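Tertiary structure, described
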Amino acid sequence: MEIPKTYDPKITEDKWYSHWLKHNMFKSVPDEREPYTIVIPPPNVTGVLHMGHMLNNTIQDVLIRKARMQGKNACWVPGTDHASIATEAKVVALLKEKGIRKTDLSREDFLKHAWEWKNKYGGIILKQLEKLGASCDWDRTRFTMEQDLSDAVIDVFIDLYNKDKIYRGVRMVNWDPQGLTAVSDEEVIYKEVNSKLYYVKYKIEGADEWITIATTRPETILGDTAVCVHPADERYTHLKGKRAIIPFVNRSVPIIFDDYITMEFGTGALKVTPAHDINDYNLGVKHQLEVIDTIDANGKMSAAAQFYVGEDRFVIRKKIAKDLEELGQIVKIEDIKNKVGYSERTDAVIEPKLSMQWFLKMDTLSKPALENVLNGEIKLIPDKFVNTYKHWMENVHDWCISRQLWWGQQIPAWYDNKGNTVVCKTKEEALEKLKVKNPSIKIEDIKQDEDVLDTWFSSWLWPISVFDGFKNPDGKDINYYYPTNDLVTAPEILFFWVARMIIAGYEYRGKKPFTNVYLTGIVRDKQGRKMSKSLGNSPDPIELIEKYGADGVRVGMLLCSPAGNDLPFDESTCEQGRNFSNKIWNAFRLIKGWEVDNTAKQPENNAAAVQWFEAKLNEQLLVLADLYSKYRMSEALMTTYKLVWDDFCAWYLEMIKPEYLDGTSLPIDATTYDATIILFEKILKVLHPFMPFVTEEIWHLITPRDEKDCIVISTWPSTTAESPSVITQMNVAMEIITTIRNIRKQKNISPKEKLTLFAKINEDLRVDKYNTIVCKLGNLANYEYVTKKVDNAFSFLLKQTEFYVPLSENIDVEAEKERLQKDLEYNLGFLKSVQIKLANEKFIANAKPELLANERKKQTDAEAKIKAIEAQLTELN
RNA sequence: GGGAGCUUAGCUCAGCUGGUUCAGAGCAUCUGCCUUACAAGCAGAGGGUCACUGGUUCGAACCCAGUAGUUCCCACCA
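Residues numbered from 1 in each chain as written. Chains lettered and ligands numbered in written order. Predicted model: local features only at pLDDT ≥ 70, side-chain atom pairs only at ≥ 80, totals over all residues. Heavy atoms only, no water.

**Topic: the overall build of chain A**
When its secondary structure is counted, chain A shows 26 helices and 33 strands. Radius of gyration (C-alpha) of chain A: 37 Å, far over the 29 Å computed for a compact globule of 877 residues. The buried share of chain A, reckoned over its 877 residues, is 53%. Long-range pairs, those at least 24 residues apart, make up 77% of the contacts in chain A between residues at least 6 apart in sequence. (Helix = DSSP H or I, 4+ residues; strand = E, 2+ residues; numbered from the N terminus. Rg over C-alpha atoms; globule rule 2.2 N^0.38 Å. Buried < 20%, exposed > 50% of the residue type's maximum accessible area, 1.4 Å probe, protein only. Contact = heavy atoms within 4.5 Å.)

So this is what it looks like as structure tokens:
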């Protein structure tokens, strides 16, 4: 059979993925083995795969595949998040296209549309993960709004309410005027923007005097209920007890004094709008100011504003400034930079707004979550994030958990017609409970709270709820898989999600939810910008897979992604990944093409090569184990890459490759061939977590196998004791080969021209079994030992052995001398530096004994080498 | 405003508790090869005052201080 020259991912990827699924190779059920568990950070159900997911899920897949091969019961739980605000916004937009307004629909009808949408499009992202090769146990796919998970959310809410950790109250919250809901502090992103600072003068009541305030938000003037200055500010002390007149509305408001004011800012006088600024609100509470809510939920001026009613606050900002100017009340306008909060989900400017919301008290809940990260029970990788985590957890605010949306878990709070509230699961229960306070109540009088819970209030339970830990707290699954092992996620959601999962884990299982948190970097473009849909700078991962193959893209992503460092993504690394797939493919093609001689005895050089590569592989497996244990994924990949490309392909295969005679290939002896197959299969296994498809394809082509005998469930190669001498001996042979190649290059000798090599070597240093290898890879006709110098030959020195390569052309004696002289100087310098060290009493006194011994050895080695060079030089003269 | 991190070759990064003349890897570059596994390849080579300044030390890319640049997190300055 003719094997194609290049590896074609298109004909292998779908084939193997469905094969794996067909044979349930990703499936996990509890058994006697040690579990290894990862729960996926559930992507938004509205999402499509982006580069961040690619990175994230590639890492998870590498970890899970490796664990599976190491004999653990690997379980990767996939799923999606209902993402209430994002999904609701999407459905609202979709309905709008059809000419339907959300307000025209009942809650039930809207939810019907939303579920329809979810059922139709909600699975896209999971399908895309299959393209990447993600080895999730798809039978365990969960959705944060499916029945069991929603039940868990509601139970937890009720439980926390009963524990007095949840309360309801009117607070200043972050209002998203586009999403029409409150959002939590964490969902507000502050950006620095260019603004204008308007200096506006207010008339002092009953006096021919004005006070000038400075504001960036003139549109809130209509809601002003005071002017505030610092008590120590002498400019304003005479205004004690006076009142100011608010423009347009002509409202008389008190001038109050509070040391909250920064006298240096603006004019030192602040307009106070308790309804639309958190600081002003606090001042209002303190000084018992009236609260006038002049901006409605949509960010438009409300009736209470009296003027500009129904117009957008930003339109009004300009208009009001112009109108004030006409009134002669604008003193000046300055350009300033300030920070404005934007909604994480809708990117609308956040409006501080007073409203009735539900909150979760975080102070005591967060304690164990902080402790157990600080004491290393839960590890953050890289650990620099511990600081950030600590800071957040120590300053954590109460969590606003209610959202004015329909898509999500509706808050299980029930109200009667007399202002009574109960929290419980069903309306019927609520009726019973309310009857206590309100005996005449009928079920029709009971209304459920309209709000739903923050999405994160469901996803913080994810590691428990995916295993039915709430429905069945003593169940087999939860007890077996929980705590999970590794969580792989982006640092952006460390507080949103990771911290809260830890809190929930301790609160509801009394145990951590996971042991290691691997925080990936953020994928950026070449200019360092974050990849995002709005910037359009993110390549489509699926297109990349089409172009380079899933294995190529996986390698490309991982090559440049140390934990926690941002990843400047460049498509060229995917190209490197694709080339690597091809390299492996061609190694297979070479081996597969050999003719095997079952009777031939294994030549000594082949035995040496096999022995060497076994040692090398063993050595690198130990390196890999160490790197994996430290979650150094890109280094583990690079180590694998070099092992395969350099050691296996460039050296080992070249060493044992049968020679060609008269246009036909000689057969290879069966011993070497069999050993090579075994080694190659080990190589494939080591590669498999990174490159599942190409390795599976070759796995089946290199050896005929049962269809159930897949590399996915093969066993990770074991290691033995190290044999460093084999490696160092071969290193010498390799060095000789490289030097000969170097000489060819320098002297312009064709690689085809056979050379002869003479070595003036000590008997005890000779290891003859490598000589044939040297001859083969150096393309030598002869390799002979001599006892004295060879004339008219290029010479070089390795490990105190002189080598000579006789050349047809005459040796340029002067050039040789010069080269040797340089070499001599280098070694003299080196010797000197060692001698200085050894002459230093303090060094002798302080250095570790093994270091000292090493230095002494260096000294004798250098001396010997110098002698050898000097001898060569005198011979030349 | 507070805090954390980063700065090593053209690019992306290693360099563990200071100790080989210590400055490394991959990619890119350059040179020579269409050598029957692979030009998506082979062989070879060149590239860096380890951001800057000072200190500690027998010895500093590594420890300390300061400076500059840069990234991120937190915070209610109108």
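**Quick look at the layout of surface pockets**
Reported here for the second largest pocket is a volume of approximately 1,500 Å³. The leading source of residues in the lining of the second largest pocket is strand S13 (residues 330–343), at seven residues. (1 Å grid on protein atoms, 1.4 Å probe; cavity = no way out; pocket = protein on both sides within 12 Å on 5 of 7 lines; lining within 4 Å. Points joined across faces, edges and corners; volume = space filled by probe spheres on them.)

**Thoughts on the protein's contact with RNA strand B**
Around RNA strand B there are 62 residues in total, and Phe265, Asn279, Tyr660, Lys745 and Tyr826 lie nearest to it. Within 4 Å of the protein, the atoms of RNA strand B are drawn from sugar and phosphate moieties in a proportion of 63%. Threonine 262 has a polar backbone atom sitting 2.6 Å from a base nitrogen of RNA strand B. Within the backbone of phenylalanine 265, an N or O atom sits 3.2 Å from a base nitrogen of RNA strand B. The greatest single-element share of the surface near RNA strand B, amounting to nine residues, is contributed by helix H17 (residues 572–592). (Near = heavy atom within 4 Å. Polar contact = N/O pair within 3.5 Å; in protein donor to acceptor, adjacent residues only side chain to side chain.)

**A closer look at helix H18 (residues 604–629)**
In a regular helix each residue adds 1.5 Å, so 26 residues correspond to 38 Å; H18 covers 38 Å between its end C-alpha atoms and thus fits that length. Tyrosine 631 lies just past H18 and shows a positive phi near 60°. (Expected span 1.5 Å × (residues − 1).)

**So, the pairing of strand S23 (residues 514–519)**
Within S23, five of the six residues are buried, which leaves it mostly tucked inside the rest of the structure. With three bridges joining them, strand S15 (residues 379–381) and S23 adopt parallel strand pairing. From the neighbouring strand, isoleucine 381 faces S23, where its bridge partner is tyrosine 518. As judged from the five bridges shared by strand S22 (residues 484–489) and S23, these two strands associate in the parallel manner. Looking at the pairing, threonine 484 lines up with phenylalanine 514 of S23. The handedness of the S22 to S23 crossover, carried by helix H15 (residues 494–508), is right-handed. (Pairing = 2+ DSSP bridges. Right-handed = clockwise from strand over helix to strand, strands pointing away.)

**Side note on the sheet that holds strand S20 (residues 447–448)**
Here we have three strands laid out as an open sheet, ordered S19-S18-S20, and antiparallel in their pairing. Of all the strands in the sheet, the pair left with one neighbour each is strand S19 (421–423) and S20. Of the strand pairs in this sheet, strand S18 (residues 413–415) and S20 are connected by two bridges, and their pairing is antiparallel. Its bridge partner being in S20, tryptophan 414 is matched across the sheet by glutamine 448. The strands that helix H11 (residues 427–437) touches are S18 and S19; relative to S19, the one it contacts most, it runs at about 140°. (Axes fitted to C-alpha atoms, helices over the stretch in contact; angles between N-to-C directions.)

**Focus: empty space enclosed by the protein**
Tallied over the full model, the rule gives three cavities of 30 Å³ or more. As a volume, the largest cavity reaches approximately 60 Å³. Ala83, Ser84, Ile85, Val183, Glu187, Arg345, Arg403, Leu405, Asp454, Thr455 and Trp456 are the residues that line the largest cavity. In terms of residue class, the lining of the largest cavity is built from five nonpolar, two polar and four charged. The computed volume of the second largest cavity comes to approximately 50 Å³. Ser184, Asp185, Glu186, Met362, Trp392, Val396, His397, Asp398, Trp399 and Arg500 together form the lining of the second largest cavity. Residue classes in the lining of the second largest cavity are distributed as four nonpolar, two polar and four charged. (Nonpolar A, V, L, I, M, F, W, Y, C, P; charged D, E, K, R; others polar.)

**Considerations on the side chain of threonine 212**
Here threonine 212 is to be found in strand S8 (residues 210–215). Threonine 212 has contacts with Tyr199, Val200, Lys201, Tyr236, Thr267, Ala269 and Val331, leaving out every residue within four places of it along the chain.

**Some details on unusual backbone geometry**
The step from isoleucine 381 to proline 382 runs through a cis peptide bond, and the omega angle for that step is 0°. By secondary structure assignment, the location of proline 382 is in the loop between S15 and helix H10 (385–394). Positive phi outside glycine occurs at aspartate 164, with the angle close to 65°. Relative to the assigned elements, aspartate 164 resides in the loop between helix H6 (147–162) and strand S5 (166–176). Judged by its relative accessible area of 51%, aspartate 164 falls in the exposed class.

**Structural notes on helix H16 (residues 541–559)**
Over its 19 residues, H16 runs only 16 Å from end to end, short of the ideal 27 Å by more than 12%, given 1.5 Å per residue. The sharpest bend along H16 comes to roughly 105°, located at tyrosine 548. The element H16 is largely enclosed, with a buried count of 16 among its 19 residues. (Bend = angle between axes of the 7 residues up to and from the residue.)

**Here's the deal with the packing of aromatic side chains**
For any pair of aromatic rings, the description consists of the separation of the ring centres together with the inter-plane angle of the planes. In this structure the tally under the stated criterion is 38 aromatic pairs. A ring pair is formed by tryptophan 115 and phenylalanine 143, whose centres lie 5.9 Å apart and whose planes are at 80°; its orientation type is edge-to-face. Residue tryptophan 115 is found in helix H4 (residues 107–121), and its partner phenylalanine 143 is found in strand S4 (residues 142–143); the two are separated by 28 residues along the sequence. Ring pairing ties together the aromatic residues Phe157, Tyr161, Trp358, Trp399, Phe457 and Trp460, which thus form one cluster. The side chain of lysine 102 reaches across the aromatic face of tryptophan 406, ending 4.7 Å from its centre. Stacked on the ring of phenylalanine 143, the Lys or Arg lysine 118 has its end atom at 4.2 Å from the ring centre. (Phe/Tyr/Trp six-rings, centres within 6.5 Å; stacked < 30°, edge-to-face > 60°. Lys NZ or Arg CZ within 6 Å of the ring centre and 35° of its normal.)

Any functional reading would require information that these geometric values do not contain.
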